[in-house]
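A look at the structure
Below are the chains, spelled out letter by letter.
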Amino acid sequence: KSDIEIVGSAQETDYLAPFERDDMTTWDASVLAAKEAYAQAGISANDIDIAELHDAFTSVELISYEDLGFCKKGEGKELIRKGVTNINGKLPVNTSGGLKAKGHPISATGISQIYELVKQMRNEAGKNQIGNIKYAIAHNVGGAGSAAAVHILKKW
């Protein structure tokens, strides 16, 4: 088994009520947490090979693509249309099936994301296995976007 390290980790907060924010199609907590985690890891969104994202609702996944820097604002849908986020795409997302496939275990969500990424990075993900992973990202959200945590894992 190879060594895996969390090389970037950040948590940020925002207003609890979405209507208090300037833009309901972005979550500042996610943007800021991702920016800090990328800086700690010394990488950018372009370096990520696999992602486990908070997808309690379809819109959250699309917003996350944009907030984490995988595409420009308004272009999240294109990642899906072009197959980028498919299991065999350039940036596989939620190879675990995502939160809804796990019954959205609220308190265990972040741990389940890290667990899936470590399995992937150790080539232990079975039928969902993808190859060539150096960097992975876990993104978890709470309180309708009022809190976000981002962890970046590296395989040595």
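Above this text is the structure in question.
Bear in mind that the values here come from a model prediction, so they are computed numbers and not experimental data.

This next bit is on the overall build of the protein. A tally of helices and strands in the protein yields 5 helices and 4 strands. Starting at the N terminus and ending at the C terminus, the protein contains elements arranged as β-α-β-α-α-α-α-β-β. Here the C-alpha atoms of the protein give a radius of gyration of 14 Å, agreeing with the 15 Å that 2.2 N^0.38 yields for 156 residues. Dimensions of the protein, computed from the C-alpha atoms along their principal axes, are close to 45 × 30 × 30 Å. With 156 residues in all, the protein has 46% of them scored as buried. The contacts of the protein with a sequence gap of at least 6 include a subset with a gap of at least 24, amounting to 66%. Carbon and sulfur atoms form 52% of the exposed surface of the protein, whose accessible area is close to 8100 Å². Across the protein, the centroid of the 17 positively charged side chains sits 7 Å from that of the 20 negatively charged ones.

In this section: the sheet that holds strand β4 (residues 147–155). Pairing between the strands of a sheet comes from backbone hydrogen bonds, and it takes one of two forms, parallel or antiparallel. With mixed pairing, 4 strands are arranged side by side in an open sheet as β1-β4-β3-β2. In the strand order of this sheet, the two ends are held by β1 (4–13) and β2 (50–53), each with one partner. Ignoring which end each strand starts from, the neighbouring axes of this sheet average 15° apart. Against the sheet, helix α1 (residues 28–41) contacts β1, β3 (135–142) and β4, and its axis sits at roughly 150° relative to β1. Contacts between helix α5 (residues 109–121) and the sheet are confined to β1, β2, β3 and β4, with β3 contributing the most and set at about 170° to the helix.

Taking 1.5 Å as the rise per residue, α1 with 14 residues should run 20 Å; its terminal C-alpha atoms sit 20 Å apart, in good agreement. For α1, the full list of buried residues reads Ala-29, Ser-30, Ala-33, Ala-34, Ala-37, Tyr-38 and Ala-41. For α1, the buried positions fall inside an angular range of 150° around the axis, keeping them on one side. Opposite the packed face of α1, turned more than 90 degrees from it, sit the exposed residues Lys-35 and Ala-39. Residues of α1 that are buried in the fold lie against β1, α2 (58–67), β3 and β4.

With that out of the way, let us pick up the pattern of salt bridges. In total, this model carries 3 salt bridges according to the counting rule given. A salt bridge links Lys-73 to Asp-23; the nearest nitrogen and oxygen atoms lie 3.2 Å apart. Note that Lys-73 is positioned in the loop between α2 and α3 (76–81) and Asp-23 in the loop between β1 and α1, a separation of 50 residues in sequence. With a shortest N-O distance of 3.8 Å, Glu-116 and Lys-119 are connected by a salt bridge. One end of the pair is Glu-116 and the other is Lys-119, both in helix α5 and 3 residues apart, which spans about a single turn. Classification of Glu-116 by relative accessible area gives buried; the value is 7%.

Let's shift gears to the nonpolar core. Within the largest apolar cluster, 24 residues are counted, with the highest numbers of intra-cluster contacts made by Tyr-38, Ile-48, Phe-70, Ile-137, Val-150 and Ile-152. Contributions of two or more residues to this core are made by β1, α1, β2, β3 and β4. Of the residues forming this core, the biggest block, 5 residues, is contributed by α1. Apart from the residues lying within four places of it in its own chain, the contact partners of Val-150 are Gly-8, Ser-9, Ala-10, Ser-30, Ala-33, Ala-34, Ala-37, Leu-68, Ile-137, Ala-138 and His-139. In this structure, Leu-117, Met-121, Ile-130 and Ala-136 belong to the second largest nonpolar core, which totals 9 residues.

This paragraph deals with the packing of aromatic side chains. On inspection of all chains with the given rule, the structure shows 0 aromatic pairs. Seen from the ring of Trp-156, Lys-154 lies directly overhead, with NZ or CZ sitting 3.7 Å from the centre.

Calculation rules
- Residues numbered from 1 in each chain as written.
- Predicted model: local features only at pLDDT ≥ 70, side-chain atom pairs only at ≥ 80, totals over all residues.
- Heavy atoms only, no water.
- Helix = DSSP H or I, 4+ residues; strand = E, 2+ residues; numbered from the N terminus.
- Rg over C-alpha atoms; globule rule 2.2 N^0.38 Å.
- Buried < 20%, exposed > 50% of the residue type's maximum accessible area, 1.4 Å probe, protein only.
- Contact = heavy atoms within 4.5 Å.
- Areas by Shrake-Rupley, 256 points an atom, 1.4 Å probe, with all protein chains shown as cover.
- Lys, Arg positive; Asp, Glu negative; His and termini not counted.
- Charge placed at Lys NZ, Arg CZ, Asp CG, Glu CD.
- Pairing = 2+ DSSP bridges.
- Axes fitted to C-alpha atoms, helices over the stretch in contact; angles between N-to-C directions.
- Expected span 1.5 Å × (residues − 1).
- Arc of directions from axis to C-beta.
- Salt bridge = Lys/Arg side-chain N within 4 Å of Asp/Glu carboxyl O.
- Core = buried A, V, L, I, M, F, W, Y, C linked by side-chain atoms within 4.5 Å.
- Phe/Tyr/Trp six-rings, centres within 6.5 Å; stacked < 30°, edge-to-face > 60°.
- Lys NZ or Arg CZ within 6 Å of the ring centre and 35° of its normal.

By themselves, these are just geometric observations and shouldn't be taken as functional.
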